[in-house]
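Results of the structural survey
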Amino acid sequence: PDKMKSRIPVVLLACGSFNPITNMHLRLFEVARDHLHQTGTYQVIGGIISPVSDNYRKKDLAAAHHRVAMVRLALQTSDWIRVDPWESEQAQWTETVKVLRFRIELWASAFCSFTFTKASLDDPTELLRYLPQEEGRGQGRAVSPAPAAVPELKLLCGADILKTFQTPNLWKDEHIQEIVEKFGLVCVGRAGHDVKRYISDSPILQRCQHNILLVREPVQNDISATYIRRALAHGQSVKYLLPDAVIAYIKDHNLYSTGS
Amino acid sequence: MENPQKTEVVLLACGSFNPVTNMHLRLFELAKDHMNATGKYRVIKGIISPVGDAYKKKGLISAHHRVIMAQLATQTSSWVEVDTWESLQKEWVETAKVLRHHQEKLEARGCEQQDSPVLERPGRKRKWAEQRSELSQKKTPEPQRKDVPKVKLLCGADLLESFGVPNLWKHEDIANIVGDYGLVCITRAGNDAQRFIYESDVLWRHQANIHLVNEWITNDISSTKIRRALRRSQSIRYLVPDLVQEYIEKHNLYSAESEERNVGVILAPLQRNTAATNSRTTTA
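Residues numbered from 1 in each chain as written. Chains lettered and ligands numbered in written order. Predicted model: local features only at pLDDT ≥ 70, side-chain atom pairs only at ≥ 80, totals over all residues. Heavy atoms only, no water.

Some remarks on the overall build of chain B
- Along the backbone of chain B there are 13 helices and six strands.
- Here chain B holds 284 residues, and 52% of them are scored as buried.
- In chain B, the share of contacts with a sequence separation of at least 24, taken over all contacts with a separation of at least 6, comes to 78%.
- Summed over its atoms, the accessible surface of chain B is roughly 14,300 Å², and 50% of this surface lies on carbon and sulfur atoms. (Helix = DSSP H or I, 4+ residues; strand = E, 2+ residues; numbered from the N terminus. Buried < 20%, exposed > 50% of the residue type's maximum accessible area, 1.4 Å probe, protein only. Contact = heavy atoms within 4.5 Å. Areas by Shrake-Rupley, 256 points an atom, 1.4 Å probe, with all protein chains shown as cover.)

Things to note about the nonpolar core
- Grouped together as the largest cluster of nonpolar side chains are 88 residues, with contacts concentrated most on Leu12(A), Ile21(A), Leu156(A), Leu11(B), Ile48(B), Met69(B) and Leu154(B).
- It is helix α1 (residues 23–39) of chain A that contributes the most residues to this core, seven residues altogether.
- With sequence-adjacent residues up to four places away left out, Leu154(B) is seen in contact with Leu11(B), Leu12(B), Ala13(B), Leu27(B), Phe28(B), Ala31(B), Val184(B) and Ile186(B).
- Counting residues in hydrophobic clusters, the runner-up holds 39 residues, among them Ile177(B), Cys185(B), Ala193(B) and Leu267(B). (Core = buried A, V, L, I, M, F, W, Y, C linked by side-chain atoms within 4.5 Å.)

Comments concerning the side chain of Ser237(A)
- Following the sequence through the fold, Ser237(A) ends up in the loop between α11 (225–233) and α12 (244–252).
- Apart from the residues within four sequence positions on either side, Ser237(A) is in contact with Arg26(B), Glu29(B) and Asp33(B).

Digging into the pairing of strand β5 (residues 185–188) of chain A
Residue and element names in this part refer to chain A.
- Burial along β5 is two-sided: the residues Leu185 and Cys187 and Val186 and Val188 are all buried.
- Where strand β4 (residues 152–158) meets β5, four bridges bridge the pair, whose relative direction is parallel. Opposite Leu155, over in β5, you have Leu185 as the bridge partner.
- Where β5 and strand β6 (residues 212–215) come together, four bridges link them in parallel fashion. Pairing of Leu185 across the sheet is with Ile212, part of β6. (Pairing = 2+ DSSP bridges.)

Re the sheet that holds strand β3 (residues 80–82) of chain B
Residues and elements named next belong to chain B.
- Strands sit in the order β3-β2-β1-β4-β5-β6 across an open sheet of six strands; the sheet is parallel. The sheet is open, and its two edges are formed by β3 and β6 (210–215), each paired on a single side. Averaged over all pairs of adjacent strands, the angle between their axes in this sheet comes to 30°, without regard to strand direction.
- Where strand β4 (residues 150–156) meets strand β5 (residues 183–188), four bridges bridge the pair, whose relative direction is parallel. Looking across to β5, one finds that Leu153 is bridged to Leu183.
- On the sheet, helix α7 (residues 171–181) packs against β4, β5 and β6 and is oriented at approximately 125° with respect to β4. (Axes fitted to C-alpha atoms, helices over the stretch in contact; angles between N-to-C directions.)

Side note on the interface of chain A and chain B
- Tallying the contact residues gives 22 residues for chain A and 25 residues for chain B.
- Summed over both partners, the interface of chain A with chain B buries about 2,300 Å², with 51% contributed by carbon and sulfur atoms.
- Area buried by chain A at its contact with chain B is led by Val219(A), Tyr227(A) and Tyr240(A), which between them contribute 29% of it.
- Across the chain A-chain B interface, the total number found is zero salt bridges. (Buried area = accessible area lost by both parts, 1.4 Å probe. Salt bridge = Lys/Arg side-chain N within 4 Å of Asp/Glu carboxyl O.)

What to know about the sheet that holds strand β1 (residues 8–16) of chain A
Residue and element names in this part refer to chain A.
- The strand order β3-β2-β1-β4-β5-β6 describes an open sheet built from six strands, whose pairing is parallel. Strands at the two margins of the open sheet, each flanked by one partner only, are β3 (81–83) and β6. For this sheet, the mean angle separating the axes of adjacent strands, direction not counted, is 25°.
- Relative to strand β2 (residues 42–51), helix α2 (residues 64–74) is tilted by about 150°, and along the sheet it contacts β2 and β3.
- In the packing of helix α8 (residues 173–183) onto the sheet, contacts are made with β4, β5 and β6, and the angle to β4 comes to roughly 125°.

Some details on the pattern of salt bridges
- In this structure the tally under the stated criterion is 25 salt bridges over all chains.
- Put simply, Glu178(A) and Arg101(A) hold a salt bridge, and the shortest N to O gap is 2.8 Å. A residue pair is termed long-range when its members are at least 10 positions apart, and Glu178(A) in helix α8 and Arg101(A) in helix α4 (residues 96–112) qualify at 77 residues.
- Arg101(A) gets classed as partly exposed once you look at its relative accessible area, which sits at 24%.
- Between Arg231(B) and Glu259(B) there is a salt bridge whose closest N-O contact spans 3.1 Å.

Section: α11(A)
- Inspection of α11(A) places Ala225(A), Tyr227(A), Ile228(A), Arg229(A), Ala231(A) and Leu232(A) among the buried residues, and these make up the whole buried set.
- On its buried face, α11(A) is in contact with α12 of chain A together with α1 (22–37) and β6 of chain B.
- Looking at the residues trailing α11(A), positive phi occurs at Gly235(A), about 75°.

A closer look at the packing of aromatic side chains
Residue and element names in this part refer to chain B.
- Under the defined criterion, the tally for this structure stands at seven aromatic pairs over all chains.
- Consider the rings of Phe28 and Trp79, whose centres lie 5.9 Å apart with planes at 75°: the pair is edge-to-face. Of the two residues, Phe28 is situated in helix α1 and Trp79 in the loop between α2 (63–73) and β3; the sequence distance between them amounts to 51 residues. With respect to burial, Phe28 and Trp79 carry one shared label: buried. (Phe/Tyr/Trp six-rings, centres within 6.5 Å; stacked < 30°, edge-to-face > 60°.)

Considering α2(A)
Residue and element names in this part refer to chain A.
- In terms of residue burial, α2 counts as a mostly covered element, since eight of its 11 residues are buried.
- Among all positions in α2, only Ala64, His66, Arg67, Val68, Ala69, Met70, Val71 and Ala74 are buried.
- Packing partners of the buried residues in α2 comprise α1, β2, β3, α3 (86–89) and α12.

So, the confidence of the model for chain B
Residue and element names in this part refer to chain B.
- When pLDDT is averaged along chain B, the result is 87, and 84% of the positions lie at 70 or above.
- Taken as a whole, residues 114–126 scores under 50 in pLDDT and shows 21 contacts with residues more than four places along the chain or in a different chain.
- Note on residues 138–144: pLDDT under 50 across the span, and five contacts to partners over four residues away in sequence or across chains. (pLDDT = per-residue confidence, 0-100.)

This is the structure we're talking about:
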């Protein structure tokens, strides 16, 4: 634990539909945290899941409050990842870079206005207060060394997201630049995705390469939300692909059945 | 609603389960959905049967722990459970014999409600008996004798392909398994399982008894990879059930030392079958 002292505190933020959240989404966080700790430079103090709002207008997108509820259920057993409903509650679709800005500005202002007290710096559970609010947070959490500053916020994504950076008109170049330059990217590789090529194909990504951390998932496991929705529509079992509590929620609210 | 013609099936998975992973558990779910969708079968139960320590596989930790982990993993399942018979045998037991054991057990239950003389934990036995009586209460109120459920071997494509490994399986056992019991084999879509069956005479002959189930997503949560991640202090969260992860951590089950178990020891089936082949050759 002592070796964590001089490390840069990092919070990982993942954006996406989470329609519904799957074990693979949860794995991204675990794998990324392991990797960042292994670098010797970073200490991951928290993770945030930010589901997209209904105005993203993706096909088959369940209502945001359901998707947030499912993420919350999935995270019941995690002691470091939280759901942030802010983005999902916005009336309009919010660009990912704005989600990152909102979060970092909130921390910065709390830091400047001394809301980050000495105590809050000594106790990461206090810092996590500036992560999305959760009931029952902080209970029994192991106290790890305090961060020395406002944490760095990095966008956590799978290789598929990195690929979409190349899709015309999906991302603004200046947004990609800001995400990678100002915040940084933690990208978890996936079978069938040549992450190195995505980077070399994009001048912006190539320029900011030092801010992109590539992580290898040691266990291939491609549980996509699309696969889950299809299986559910076919009346097939999805057990062990996502947490039991989420499956129970889907059944109770009759989500993703045919015709919904 | 229920079609009385449907054959009731019990799915049996044999293996090391060192440790059990979400992938093992998925095999059962996929197989059940597939078999039930055929309209000909009704899967009534799944059994995880961890191999005994005498199997002598590299890195195999004690059956005691592997059984407990499998039990923890199936706690939330309404239809899959763990059977300890195989794991409790002093000698390694051929899979064909494990199938026979479970089929005979079902037949014994079918004829009379008398307990079969098998080594089993009383708790487990009671649970099984209760389930059976529930089933029979619901489905057969009249004394008319019901068909005994059929045990089928549940496996991944790797097991099917291991039939081709010299001395790992006895030829008569392969014929016995596919001919008398049947296989439900989960394969990656586009996998060569079909070709493998085509190229084997015995599998080809019994292909009606081999049910190939397509898995459309990559799900490579092998126990080997789990153990490797553990040795490297990497997270295995969401790859195995939470209770299994906690148990592994609490007992510090997998380490560089545990991986050295049985190193240099020949796998029990290879030992037995090679000896048999050799003695046959020398007598001949």
